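Coordinate inspection notes
What follows is each chain in one-letter form.
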Amino acid sequence: MDALAISSVSIFADFRKDTWMQTLILSFQSLGVIYGRLSTAPLYVLESIGPGDISSPDEMHELFSFIFWTLTVIPLLKYAFIVLKADDDGEGGPFSLYSLLCRHAKVGLIPSNRGSSKILNQEEEEISSDPSKGKPENKARKAIEKYKSSHYLLLFLALLGACMILSDAVLTPAISVLSATSGLGRSLAKISKVFSSDETKDHVANALKKYVPTPVACAILVCLFTLQHHGTKRIGCLFAPIVITWLIFISGFGLYNIIHYDVQILRAVSPVYMLRFMKKINLRHWKLLSSIVLCIAGSEAMFADLGHFSKKSIKITFICFIYPVLLLTYAGQAAFVSKNLHADGAFHLSESVPNRSLEHIFAVLSLFASAVGSQATITAGFSIIHQCQALDCFPRVKVVHTSDKIFGQVYVPDANWMFMVLSIAFTIGLHDISELGKATGLAVTVGLLVTTCLMSLVIALYWEKHLFASVCFLLFFGSIEAIYLSSTLTSFFHGAWCLIILFLFFMTIMASWHYGTLKKYESDVENKASPVPYVHASRRYLIGRVGPKEYKIYRCIVRYGYHDNVRDTDDFEDNIISSIGEFIAREEYDQEALNSPEGRMIVLGTPLNDGNGLITVTETNSSEYGPNMGESESRRVLLHDPSASRSPPPVNKKRVRFMLPPKSPQMRPSVRQELEEIIDARESGTAYILGQSHLTARQGSNLFKRLLVMTYVFLDKNSREPPVALNIPNAALLEVGTVYKI
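Keep in mind that this is a model prediction, so the values were computed, not measured.

Rules used in this analysis
- Just so you know, the residues in each chain are numbered from 1, in the order the chain's sequence is written.
- Where local features are concerned, this predicted model is filtered to residues with pLDDT of at least 70; where side-chain atom pairs are given and counted, the filter is 80 or more; whole-chain, interface and lining totals use all residues.
- To obtain the side-chain values, all non-hydrogen atoms of the structure were included, while hydrogens and water were left out.
- For helices the rule is a DSSP run of H or I covering at least 4 residues; for strands it is a run of E covering at least 2, with both sets numbered from the N terminus onward.
- Per-residue accessibility, obtained with a 1.4 Å probe over protein chains only, is compared with the maximum for each type, and a residue is labelled buried under 20%, exposed over 50%, and partly exposed between these values.
- Computed with the Shrake-Rupley method and a 1.4 Å probe, the accessible areas treat only the protein chains shown as cover for residues.
- Residue count minus one, scaled by 1.5 Å, sets the expected span of a helix.
- In this analysis, strands are considered paired if DSSP registers two or more bridges between them.
- Under this scheme, a helix contributes an axis fitted over its contacting stretch, all axes are lines through C-alpha atoms, and angles between N-to-C directions fall in the 0 to 180 degree range.
- We call two residues contacting when some pair of their heavy atoms lies within 4.5 Å.
- Each Phe, Tyr or Trp ring, with Trp reduced to its six-membered ring, pairs with another whose centre is within 6.5 Å; inter-plane angles below 30 degrees give stacked pairs, above 60 give edge-to-face pairs, and intermediate values give tilted ones.
- Values of pLDDT, which run from 0 to 100, indicate the predictor's confidence residue by residue.
- Polar contact is defined as a pair of N or O atoms within 3.5 Å, subject to the rule that within protein one atom must be able to donate a hydrogen and the other to accept it, and that residues adjacent in sequence are counted only when both atoms are side-chain atoms.
- For patch detection, residues must exceed 30% relative accessible area and be free of salt bridges, and they are connected within 9 Å for like charges or within 5 Å for nonpolar side chains (Val, Leu, Ile, Met, Phe, Trp, Tyr).
- Any Lys or Arg side-chain nitrogen found within 4 Å of a carboxyl oxygen on Asp or Glu counts as a salt bridge.
- Each angle gets one of four labels, with under 35 degrees taken as roughly parallel, over 145 as roughly antiparallel, 65 to 115 as roughly perpendicular, and the rest as oblique.
- Two helices crossing with the near one rotated counterclockwise from the far one by less than a right angle form a left-handed crossing, whereas a clockwise rotation gives a right-handed crossing.
- Under the convention adopted here, Pro, Cys and the residues Ala, Val, Leu, Ile, Met, Phe, Trp and Tyr are nonpolar, Asp, Glu, Lys and Arg are charged, and Gly plus all remaining residues are polar.
- Among buried residues, those of type Ala, Val, Leu, Ile, Met, Phe, Trp, Tyr and Cys that are joined through side-chain atoms within 4.5 Å constitute a nonpolar core.
- Here, two cysteine sulfur atoms that lie within 2.5 Å of each other are counted as a disulfide.

1. A short note on the overall build of the chain
Along the chain, the regular secondary structure elements total 27 helices and 9 strands. Across the 742 residues that make up the chain, the buried fraction comes to 52%. For the chain, the computed accessible surface area is about 34200 Å², with 61% contributed by carbon and sulfur atoms.

Structure (structure tokens):
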């Protein structure tokens, strides 16, 4: 067994282990990122119900029974205890489940580099024995691998789940902030009491309720999305105290309302109340469930945001704090509504505040909490786009890694501003909490159902449990989510139609990009890396020879996982040259490489310490001007602004040079000569040749194909170019293009 492979895996395993202190810190931060959505749901769950939709206090008890069991079954049982275990090396979301299925069953449509994947898989098999070896062949896997239509269905499910999370990232900020600003409008409307005329009071109150919420909501949305570049850690630490204060506040007066208004509400935890509701079910009752499902809005973020935190921190926070506090809040609100069923605005959470002097505090606190409540879906949206982009299902955009310790914490600037524009547009266009609630409810239920379908396959194909367990999981959770889905569809023309617009928008982008990428990569599938989440630094490079040894032509493959921290750095060329030098030094000890006619590709990444490779020397030169400013440009600056000559800060430029180690009897003369030639070639300069391929539709292609190709071409021209990501200077770049007609 390779000692290098053993050490790399052990280091990576140690990195993934969290101490209790780290878990507590992550739990605290998760309150401000993941659980803000679930925590602010009481603002709009009951408010999205029409005033005349509940006819008696008994119906309110029955609806609370639905809230209790929905929170218990979906986020607690399904996500906290089952789904969180199906992570893809610490990553979550529908695409992580799809990635697991692609690696453990031949269902992937995305091309991969078979050469490098084979070597990577061989190393993994050497490091850890596969417990599935020796087991009988899985019949479910065999059936799914056989039919190509099932492969397309799985990809569609993954894309559908991704679209729902991205749509949720647009709708949730709108409904959360608008529900809070509506409470602010009600609070300000009470200022109209200072007027003596009843007509003036009504006019001012109505104006404040009508015209204040939407503009204030838009302003808060701009501030919220502007903060995103600070990263998950800072945002989590900033938002967590707000969520804690908010939850303590609403659960406090929730407990008061239970004692003061209706202690009998606690009996509604019995499932008998749900059965009573179902016995007298009609269209009016069915529509009520579309509002109740909003109480679990944000559950998917527990899994989708897994890459930003850890399983232990997410699970502990929900079970020990979020779950009991939310039940107390909903019980108190239900108790208040059951005794004030026909009061004006009784379904709004602000009306259940027991002390009228606390209403203004509630209004301000709800504004902050609603902004925080949107963070869960925004963060999940960044993670999903990062995964989709790496799996060739989203255009190339800049991904900023905001943490050096947790690779999953990412920020996508382009997606952030897209979410902001769309969210503001829906806030202005609908400016109605009920309609936004119906659209959000549909997005939530579809996302939950997609996760259930993919998870049932993971149970059968990845966990290799009995098919009966997979079917039971699908039927139990799927039937509950299907009931809520059907209830949200009854409100399709009352706001749920908005989701279709967002779905078509995101699906067109992802389907067109995947289709175009798939067609382009069919000719050079060998140049792609597998959909693996992380590649350890010690196994980053694959170096080999092309042709006989005297040709001195090297094949270099640089492997990144779809969640690896790929930064914009200037050391790409240095790392390649260092790896080639290490390959030359190590090759003479690799008997398999010596016996192969064209050599064997060797996994590299960790430099040798035996003095037989290239030695790097870092030189720092002080420059008077910025690193990106040429001499002619600096002269123009001095001519236009003479004062600039007095205060340009010196900039240190770092340049890496390579040297041969001192003569060692262990190094053969041929190796030393080849390393000298590598150093001379480096000093002469490096040229980059990048292939550029373009798509056009064949003459006579159908309209649908032409639309996909046109969309892909538009996205390709306006997305991030590969040379930008690699910091390749234009003077050293040569692009070779080819046109594919499909």
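2. Side note on helix H18 (residues 413-430)
Under the 1.5 Å per step criterion, the end-to-end length of H18 is 26 Å for 18 residues, consistent within 8% with the ideal 26 Å. Restricting attention to buried positions, one finds in H18 the residues Pro413, Ala415, Asn416, Phe419, Met420, Leu422, Ser423, Ile424, Phe426, Thr427 and Leu430.

3. Thoughts on the sheet that holds strand S5 (residues 602-604)
Pairing is antiparallel in the open sheet, where 3 strands are placed in the order S4-S3-S5. In the strand order of this sheet, the two ends are held by strand S4 (554-558) and S5, each with one partner. On average, each strand axis in the sheet is inclined to that of its neighbour by 25 degrees, with strand direction left out of account. Relative to S5, strand S3 (residues 541-545) runs antiparallel, the two sharing 3 bridges. Paired with Leu542 across the strands is Val603, a residue of S5. Strands in contact with helix H22 (residues 572-587) are S3, S4 and S5; relative to S3, the strand with the most contacts, it is inclined by about 55 degrees.

4. A look at the environment of Lys741
Turning to its location among the elements, Lys741 is positioned in strand S9 (residues 733-741). Along the sequence, Lys741 and Lys520 sit 221 residues apart, while their C-alpha atoms lie 9.8 Å from each other. Setting aside chain neighbours within four positions, we find Lys741 in contact with Thr696 and Arg698.

5. Topic: the packing of aromatic side chains
Tallied over the full model, the rule gives 17 aromatic pairs. Between the aromatic rings of Tyr261 and Phe336, the centroid separation amounts to 5.3 Å while the plane-to-plane angle is 90 degrees, which identifies the pairing as edge-to-face. With Tyr261 in the loop between helix H11 (232-260) and helix H12 (272-279) and Phe336 in helix H15 (residues 311-339), this residue pair connects regions lying 75 residues apart in the sequence. Taking the relative accessible area as the measure of exposure, Tyr261 reaches 27% and is therefore partly exposed. Exposure remark for Phe336: the relative accessible area of 7% places this residue in the buried category.

6. Concerning the confidence of the model for the chain
Any residue range with low pLDDT should be treated as having predicted coordinates unsuitable for detailed reading. Residues of the chain with pLDDT of at least 70 account for 79%, and the chain-wide mean is 79. When pLDDT is averaged over each helix and strand of the chain, the minimum, 35, is found for helix H1 (residues 3-16) and the maximum, 94, for helix H4 (residues 57-80). Confidence over residues 123-135 falls short of pLDDT 50; this stretch has 11 contacts with residues more than four positions distant or in other chains.

7. Quick word on unusual backbone geometry
One non-glycine residue, Asp89, lies in positive phi territory at about 55 degrees. By the element assignment, Asp89 lies in the loop between H4 and helix H5 (94-104). For Asp89, a relative accessible area of 29% translates into the label partly exposed. Notably, Glu464 is not glycine yet its phi reads approximately 55 degrees, a positive angle.

8. Structural notes on helix H2 (residues 20-33)
If you check H2, its first and last C-alpha atoms are 20 Å apart, about what 14 residues at 1.5 Å a residue would give, namely 20 Å. Of the positions making up H2, those classed as buried are Thr23, Leu26, Ser27, Gln29, Ser30, Leu31, Gly32 and Val33. Elements in contact with the buried residues of H2: helix H3 (36-40), H11, H15, helix H16 (359-373) and helix H17 (375-390).

9. Focus on the side chain of Thr40
For Thr40, the position within the fold is in helix H3. Side-chain polar atoms of Thr40 contact the backbone oxygen of Arg37, separated by 3.3 Å.

10. Topic: the side chain of Glu481
Among the structural elements, Glu481 can be located in helix H20 (residues 467-489). Here Glu481 falls in the buried class, since its relative accessible area comes to 2%. Leave out the neighbours within four places in its chain, and Glu481 touches Ile74, Lys78, Leu448, Leu449 and Thr452.

11. Notes on a nonpolar patch on the surface
The grouping of Leu77, Phe81, Ile319 and Phe476 at the surface amounts to a nonpolar patch, some 310 Å² of accessible area in total. Residue placement: Ile319 occurs in helix H15. The partly exposed category is assigned to Ile319, whose relative accessible area is 31%.

12. Description of the pattern of salt bridges
Proximity of charged atoms lets side chains of opposite charge pair with each other. Inspection of the entire model under this criterion finds 10 salt bridges. The partner of Lys280 in a salt bridge is Glu62, and the shortest N-O contact between them spans 3.4 Å. With Lys280 in the loop between H12 and helix H13 (283-292) and Glu62 in helix H4, the pair connects residues that are 218 residues apart, well separated along the chain. Of the residues examined, Lys280 reaches a relative accessible area of 35% and is grouped as partly exposed. Across the pair Glu464 and Arg141 runs a salt bridge whose closest N-O atoms are separated by 3.3 Å. A residue pair is termed long-range when its members are at least 10 positions apart, and Glu464 in the loop between helix H19 (433-461) and H20 and Arg141 in helix H7 (residues 139-146) qualify at 323 residues. Exposure remark for Arg141: the relative accessible area of 16% places this residue in the buried category.

13. Observations concerning the environment of Leu84
Assignment of secondary structure puts Leu84 in the loop between H4 and H5. For Leu84, the residues in contact, after removing those within four places along its chain, are Tyr79, Met302, Phe303, Leu306, Lys311, Ile314 and Lys315.

14. A word on the packing of H4 against H19
Where H4 contacts H19, the axes come no closer than 13 Å and their chain directions differ by 30 degrees. With respect to H19, the axis of H4 lies roughly parallel. Classified by chirality, the crossing of H19 by H4 is left-handed. Each of Ile74, Lys78 and Tyr79 in H4 lies in contact with H19, whose residues at this interface are Leu448, Thr451 and Thr452. Its residues assigned to classes, the contact of H4 with H19 shows 3 nonpolar, 2 polar and 1 charged.

15. Description of the nonpolar core
Tyr35, Leu71, Phe95, Trp246, Tyr330, Phe362 and Phe419 are the most contacted members of the largest nonpolar core, which totals 174 residues. Considering every element that reaches this core, the biggest residue donor is helix H8 (residues 148-189), with 20 residues. Ignoring any residue separated from it by four or fewer positions in sequence, one finds Tyr330 in contact with Ala41, Pro42, Val45, Phe64, Ile67, Leu71 and Cys295.

16. Considering the state of the cysteines
This structure, assessed with the given rule, holds 0 disulfides. Of all cysteine sulfurs in the structure, the one in Cys393 sits closest to Cys388, which takes part in no disulfide; the separation is 5.9 Å.

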